[in-house]
Amino acid sequence: MEAIRLEFQPEIKEKILKFLSSFSSDELKITQEDPDFDENRKKLQERAEKITNGTAEYSTFEELNILLEDTISKYEH
């Protein structure tokens with residue numbers, strides 16, 4: 001299957017959904033887009049830019065392990 005993103009005025013949503021409902025579930029699947037899609041995309045683009053331009057900060061395995069253990073210990077009690 002292929003996926004596309006549609007942007008439309010709210011007043012035509014009912015017409016679009018009515019038209020799309022004429023297709024079978026084998027032909028078309030309507031999925032709700034993540035409401036945070038644009039925000040998440042912006043964050044990922046910023047992170048990718050930091051990796052590309054060499055300003056990204058990295059953690060060692062040991063640092064991540066300590067962070068994980070600290071987080072787990074907070075919720076064990």
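Rules used throughout
- Residues numbered from 1 in each chain as written.
- Predicted model: local features only at pLDDT ≥ 70, side-chain atom pairs only at ≥ 80, totals over all residues.
- Heavy atoms only, no water.
- Helix = DSSP H or I, 4+ residues; strand = E, 2+ residues; numbered from the N terminus.
- Rg over C-alpha atoms; globule rule 2.2 N^0.38 Å.
- Areas by Shrake-Rupley, 256 points an atom, 1.4 Å probe, with all protein chains shown as cover.
- Lys, Arg positive; Asp, Glu negative; His and termini not counted.
- Charge placed at Lys NZ, Arg CZ, Asp CG, Glu CD.
- Salt bridge = Lys/Arg side-chain N within 4 Å of Asp/Glu carboxyl O.
- Buried < 20%, exposed > 50% of the residue type's maximum accessible area, 1.4 Å probe, protein only.
- Expected span 1.5 Å × (residues − 1).
- Patch = residues over 30% accessible without salt bridge, like charges linked within 9 Å, V, L, I, M, F, W, Y side chains within 5 Å.

Caption draft 1: Local environment of the overall build of the protein. Counting secondary structure elements, the protein contains three helices and zero strands. Reading the protein from its N end, one meets helices and strands in the order α-α-α. In terms of overall dimensions, the protein is more spread out than a globule: its C-alpha atoms have a radius of gyration of 21 Å, far above the 11 Å expected for 77 residues. For the protein, the C-alpha atoms occupy an extent of roughly 55 × 40 × 25 Å along the three principal directions. Of the roughly 8000 Å² that the protein leaves accessible, carbon and sulfur atoms contribute 54%. Seen as two clouds, the 11 positive and the 19 negative side-chain charges of the protein have centres 7 Å apart.

Caption draft 2: Structural view of the environment of Lys-15. Within the element layout of this structure, Lys-15 appears in helix α1 (residues 13-20). Along the sequence, Lys-15 and Arg-41 sit 26 residues apart, while their C-alpha atoms lie 29 Å from each other.

Caption draft 3: Highlighting the pattern of salt bridges. Within the structure shown, the criterion is met by five salt bridges. The residue Glu-7 makes a salt bridge to Arg-5 at a minimum N-O spacing of 4.0 Å. Given a relative accessible area of 37%, Arg-5 falls into the partly exposed group. Residue Arg-41 pairs with Asp-38 through a salt bridge whose shortest N-O separation is 3.0 Å. Taken together, the residues span about one helical turn, with Arg-41 and Asp-38 both in helix α2 (residues 37-53) at a distance of three residues. Each of Arg-5, Glu-7, Glu-33, Asp-38 and Arg-41 takes part in salt bridges that share partners, so that together they form one network.

Caption draft 4: The arrangement of α2 in detail. Spanning 17 residues, α2 covers 24 Å between terminal C-alpha atoms, matching the ideal 24 Å at 1.5 Å per step. With its phi angle positive at about 85 degrees, Gly-54 sits one or two positions after the end of α2.

Caption draft 5: Quick look at a nonpolar patch on the surface. A cluster of nonpolar side chains, Ile-4, Leu-6, Phe-8 and Ile-12, forms an exposed patch at the surface whose accessible area comes to about 390 Å². When you line up the elements, Ile-12 lands in the segment before α1.

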